[in-house]
Every structure is written in structure tokens, then in C-alpha cells.
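Inside the fold
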Amino acid sequence: QVQLVESGGGLVQAGGSLRLSCAASGTGSIFSTYDMGWYRQAPGKQRELVAITSGGGSTTYANDVKGRFTISRDNAKNTVYLQMNSLKAEDTAVYYCAASRVPYNTYWGQGTQVTVSS
């Protein structure tokens, strides 16, 4: 069973930065083959994709975070990161980490709150 634990959320002023981490366990030696993604859900809104890094090394970003957020992974540490710069009030949400590998289940972390004050 894959388990994901996010950390690094908090309260930051607009224009500031945060770095989220997601540590995975239970993937064994094949963490590098998982697609790892960051999603967020703001109050009253649906969960949406923020960024994803595939097992093959490609990355995809939501349009509204391009140029501000960077997703990266350290396969030796079974960890994926989300560096968030130039934060805006509209980035306020609970951020979730997800691990997926076709055709298996997608696993989710418990989420970490990010609050950006304007």
C-alpha cells in the first residue's frame, strides 16, 4: 500500500514562496515509475491539477501556475516537491499529492493547507 505524506504548507504573504514536499512509502524500488502530481482544492471548488511529473520525466503545469511553480522529484528519496513562487491569494487551497501508475490505483496524501494573505 502506497502512503503519501505532504508537508511544507503554511501561511505566507502574497508574493512570497513556499516549498511543498511529498514523501512516498510503500512504492518499493519503483517510485521512479510513478507519475507524481500535485493537486489543489479551494473552498467550494473542485480539486484541480497543479502540476505533474511523469515516470518518464516529463512535466505538465496548469496554465495559472506556469512560470511560478516548479515540480521536481528525488527518486533516491522517494519524494516529490512543489516550489511555489510569486504566490497569489488565489493560490490558497489544500494541496494534495498523488501517485499513479497505470493500470493501478491512484494514491492520495492527506493534504496540506496553503494560505496566501493579500
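Preceding this section is the structure that the text describes.
Quick caveat: nothing in here was measured; it's all calculated off a predicted structure. (Residues numbered from 1 in each chain as written. Predicted model: local features only at pLDDT ≥ 70, side-chain atom pairs only at ≥ 80, totals over all residues. Heavy atoms only, no water.)

Remarks on the pattern of salt bridges
Taken as a whole and assessed by the stated rule, the structure comprises four salt bridges. Between Arg-40 and Glu-48 there is a salt bridge, and its shortest N-O distance comes to 2.8 Å. For Glu-48, a relative accessible area of 36% corresponds to the partly exposed category. In this structure, Arg-40 and Asp-64 form a salt bridge, with 3.0 Å as the shortest nitrogen-oxygen distance. Here Arg-40 is found in strand β4 (residues 35-41), whereas its partner Asp-64 is found in the loop between β6 (59-61) and β7 (69-74), with 24 residues between them in sequence. A relative accessible area of 4% means that Arg-40 is categorised as buried. In this structure Asp-64 comes out as partly exposed when scored by relative accessible area, which is 42%. Among the ionic contacts, a cluster of salt bridges with common partners joins Arg-40, Glu-48, Asp-64, Arg-68 and Asp-91. (Salt bridge = Lys/Arg side-chain N within 4 Å of Asp/Glu carboxyl O. Buried < 20%, exposed > 50% of the residue type's maximum accessible area, 1.4 Å probe, protein only. Helix = DSSP H or I, 4+ residues; strand = E, 2+ residues; numbered from the N terminus.)

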